[in-house]
Amino acid sequence: MKLSKNFTNPLAANNPVIVQILGICSALAVTVKLEPAFVMGLSVTFVCAFSNLFMSLLRKGVPSRIRIIVQLVVIATLVIVVDQFLRAYMYDVSKQLSVYVGLIITNCIVMGRVEAFALGNKPWDSFVDGVANGLGYAFILVLVAFFRELFGSGELFGFEIFGDWYTPNALMLFPPMALIIIGCIIWVHRSINKDLQEK
Amino acid sequence: MLNLFINSVFIENMVFAYFFGMCSYIAVSKSVKTALGLGAAVTFVQVMTVPLNYLLNEYVLAPNALAEGVDLSFLSFILFIAVIAAFVQLVEMIVEKFAPALYNQLGIFLPLIAVNCAIMGGSLFMQQMVGTEINSVGDSIVYGLGSGIGWWLAIVMMAAIREKIEYSHVPAAMKGPGIAFIITGLMGMAFMIFSGIQL
């Protein structure tokens, strides 16, 4: 019961990106097309899940004074694994993501979940929490990328959706539009969940 | 060098062009005073860590730098973040000692400079630009300064706008982060006019 709530909560009601405003840093720049957004979402889910798992296993052995540096080492190691994997098997996507793969290290979601959840919970719960938060992040990324790719180039995953009649709106491909789209997503989300609104 | 400076402050602004450091940018931009303090801290850390990481990259990480035939570039994430984390710890201690008021105001965001993507992103971009725009320690200092000031400028402008917007009728669901994203998007569009500048 509790486990399933832990899993569904970060997907909508307590989404890390649009409610807690975490991890926006590396999120928006990879949303020009769906493919890199998808890969980025999965990478963050992987890193988040395993850093939660490992830190939860280590939580009793690490003194709290040096925990930040231990966390950074664990996270950085996982990110290096992801980076090398992408370079080996998905070179094109890894070129598109460029420095943003490295920036998963500084993604506040990963660090935030380790601090807020993994240090006080059992490994399996932490793992589930990491997966759920990663997926909540991936969901927003894919949503933003969907609108940007659809209207910015008339395609989805590189397949043409709109025919010749559609003139691509190049503005959608520029960085500012990602911010405006995410602002609108927050607007819709908070209109539905009224308790999140600020007074 | 001037070109590099102008470029990193305005054209490739950390916030508007790359979304770096968005988490603290959204969360700490409620008052101009705090924003000024955090901006100064980020700029300082940036000016110090980018050259340090440049030296590290030049003499340890780059192919054939440490010894003939040794390429340690896959370790760059972990070494860069270690330098940054150590340095932020230092700044935190200095601020706590000499400016306790600022220390209380910045709260959790001071240690979070370590995971501020602007800092890590600055070092990673510096690594990519080695050999093209950045060829010496001096260049890397200029780049660190420029990108730090760019971030500073962005957060202070944002804080000033948000102080004014307190008095406006924003739709309830848009209050707080929602409107902040849209304002940033509009500011980003304004900053796009710099993109044609050639020096």
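Residues numbered from 1 in each chain as written. Chains lettered and ligands numbered in written order. Predicted model: local features only at pLDDT ≥ 70, side-chain atom pairs only at ≥ 80, totals over all residues. Heavy atoms only, no water.

Chemist: What is the right way to look at the overall build of chain A in this model?
Modeler: Within chain A one finds seven helices and two strands. Secondary structure of chain A in N-to-C order comes out as α-α-α-α-α-α-β-β-α. What you see for chain A is a C-alpha radius of gyration of 18 Å, in line with the 16 Å of a compact globule of 199 residues. Oriented by its inertia axes, the alpha-carbon framework of chain A measures out at about 60 × 45 × 30 Å. By residue count, 53% of the 199 residues in chain A fall in the buried class. (Helix = DSSP H or I, 4+ residues; strand = E, 2+ residues; numbered from the N terminus. Rg over C-alpha atoms; globule rule 2.2 N^0.38 Å. Buried < 20%, exposed > 50% of the residue type's maximum accessible area, 1.4 Å probe, protein only.)

Chemist: Would you mind going over the environment of Asn107 of chain A with me for this structure?
Modeler: Residues and elements named next belong to chain A. If you trace the backbone, Asn107 turns up in the loop between helix H4 (91-97) and helix H5 (108-116). For Asn107, a relative accessible area of 0% corresponds to the buried category. Taking C-alpha positions, Asn107 is 7.7 Å from Leu22, a pair spaced 85 residues apart along the chain.

Chemist: Quick question: what am I supposed to make of the interface of chain A and chain B here?
Modeler: Many structure descriptions define interface size as the accessible area lost when the parts assemble. Taken residue by residue, the interface counts 43 residues in chain A and 39 residues in chain B. A combined buried area of about 3,500 Å² lies between chain A and chain B, and 83% of that area is made up of carbon and sulfur atoms. For the interface between chain A and chain B, the tally reads zero salt bridges. Our count for the chain A to chain B interface comes out at zero residue pairs in polar contact (both at pLDDT 80 or more). Of all the secondary-structure elements, those providing two or more residues to the side of chain A that touches chain B are helix H3 (67-89), H5 and helix H7 (175-192) of chain A. For the side of chain A that touches chain B, the element with the most residues is H7 of chain A, which contributes 13 residues. The residue inventory of the side of chain A that touches chain B, partitioned by class, reads 30 nonpolar, nine polar and four charged. (Contact = heavy atoms within 4.5 Å. Buried area = accessible area lost by both parts, 1.4 Å probe. Salt bridge = Lys/Arg side-chain N within 4 Å of Asp/Glu carboxyl O. Polar contact = N/O pair within 3.5 Å; in protein donor to acceptor, adjacent residues only side chain to side chain. Nonpolar A, V, L, I, M, F, W, Y, C, P; charged D, E, K, R; others polar.)

Chemist: Help me out: how do you make sense of the environment of Leu135 of chain A in this one?
Modeler: Residues and elements named next belong to chain A. Note on placement: Leu135 falls in helix H6 (residues 123-153). It is 20 Å that separates the C-alpha atoms of Leu135 and Val74, two residues lying 61 residues apart in sequence. Sequence-distant contacts of Leu135, defined by excluding residues within four places in its chain, comprise Phe7, Leu11 and Thr45.

Chemist: Explain a nonpolar patch on the surface here, please?
Modeler: Among the surface-exposed residues, Phe38, Leu42, Phe157 and Phe159 of chain A lie close enough to one another that they form a single nonpolar patch of about 450 Å² accessible area. Relative to the elements of secondary structure, Phe38 of chain A occurs in helix H2 (residues 34-58). (Patch = residues over 30% accessible without salt bridge, like charges linked within 9 Å, V, L, I, M, F, W, Y side chains within 5 Å. Areas by Shrake-Rupley, 256 points an atom, 1.4 Å probe, with all protein chains shown as cover.)

Chemist: Hey, could you run me through the pattern of salt bridges in this one?
Modeler: When the charged atoms of two side chains with opposite charge come close together, those side chains can pair. Residues and elements named next belong to chain A. Taken as a whole and assessed by the stated rule, the structure comprises two salt bridges over all chains. In this structure, Asp83 engages Arg87 in a salt bridge whose closest nitrogen and oxygen atoms are separated by 3.3 Å. With a gap of four residues between them, Asp83 and Arg87 both fall in helix H3, about one helical turn apart. Salt-bridge contacts for Asp129 lead to Arg113; the nearest nitrogen and oxygen are separated by 3.0 Å. Remark: Arg113 occurs in helix H5 and Asp129 occurs in helix H6; sequence separation between them is 16 residues. Each of the two residues, Asp129 as well as Arg113, counts as buried.

Chemist: Whenever I open this one, helix H5 (residues 76-98) of chain B confuses me. Can you help?
Modeler: Three- or four-residue spacings in an α-helix give side chains the same orientation, since the helix completes a turn every 3.6 residues. Compared with an ideal rise of 1.5 Å per residue, which puts 23 residues at 33 Å, H5 of chain B spans 33 Å between its outermost C-alpha atoms and is within 8% of the ideal. Taken together, the buried positions of H5 of chain B are occupied by Ser76, Phe77, Ile78, Phe80, Ile81, Ile84, Ala85, Phe87, Val88, Val91, Glu92 and Val95 of chain B. (Expected span 1.5 Å × (residues − 1).)

Chemist: I would appreciate a short explanation of the packing of aromatic side chains in the present structure.
Modeler: Geometrically, a pair of aromatic rings is defined through the distance of the ring centres and the angle of the planes. Taken as a whole, this structure holds 15 aromatic pairs over all chains when the rule is applied. Judged by centre distance (5.0 Å) and plane angle (45°), the rings of Phe46 of chain A and Phe50 of chain A are tilted. Placement of both Phe46 of chain A and Phe50 of chain A in helix H2 is noted, with a separation of four residues, approximately one turn of the helix. Note on Phe50 of chain A: relative accessible area 26%, which makes it partly exposed. Arranged with centres 5.7 Å apart and planes meeting at 40°, the rings of Phe20 of chain B and Phe125 of chain B form a pair that is tilted. Of this pair, Phe20 of chain B sits in the loop between helix H2 (14-18) and helix H3 (22-27) while Phe125 of chain B sits in helix H7 (residues 117-129); the two residues are 105 residues apart in sequence, bridging distant segments of the chain. (Phe/Tyr/Trp six-rings, centres within 6.5 Å; stacked < 30°, edge-to-face > 60°.)

Chemist: What's the story with the nonpolar core in this structure? I'm lost.
Modeler: One broad rule of soluble globular proteins: the nonpolar side chains tend to lie buried together. Residues Phe20 and Tyr25 of chain B are the most contacted members of the largest nonpolar core, which totals 119 residues. Setting aside anything within four residues of it in sequence, one finds Tyr25 of chain B in contact with Val15, Phe16, Trp151, Ala154, Ile155, Met158, Thr184 and Met187 of chain B. (Core = buried A, V, L, I, M, F, W, Y, C linked by side-chain atoms within 4.5 Å.)

Chemist: Mind showing me how you'd approach the confidence of the model for chain A here?
Modeler: Caution is warranted with low-pLDDT regions, since their predicted coordinates should not be read in detail. Taken over all residues, the pLDDT of chain A has a mean of 83, while the share at 70 or more is 97%. Of all the helices and strands in chain A, helix H1 (residues 2-8) of chain A carries the lowest mean pLDDT, 72, while H2 of chain A carries the highest, 90. (pLDDT = per-residue confidence, 0-100.)

Chemist: I'm lost on the side chain of Ser123 of chain B in this one. Help?
Modeler: When you line up the elements, Ser123 of chain B lands in helix H7. In this structure, Ser123 of chain B is in contact with Thr49, Val50, Asn53, Phe80 and Ile84 of chain B, ignoring residues within four places of it in sequence.

Chemist: Just to check I follow, could you spell out the packing of helix H4 (residues 32-61) of chain B against H5 of chain B for this structure?
Modeler: The description of two helices packed together rests on the angle between their axes and the distance between the axes. Residues and elements named next belong to chain B. H5 packs onto H4 with a crossing angle of 145° between their chain directions and a minimal axis gap of 10 Å. Seen from above, H4 lies across H5 with right-handed handedness. Across the interface between the two elements, Phe44, Val45, Met48, Thr49, Leu52, Asn53, Leu56, Asn57 and Leu61 of H4 pack against Ser76, Leu79, Phe80, Val83, Ile84, Phe87, Val88 and Val91 of H5. Taken together, the residues of the contact of H4 with H5 break down into 13 nonpolar, four polar and no charged. (Axes fitted to C-alpha atoms, helices over the stretch in contact; angles between N-to-C directions. Left-handed = near helix turned anticlockwise from the far one by under 90°.)

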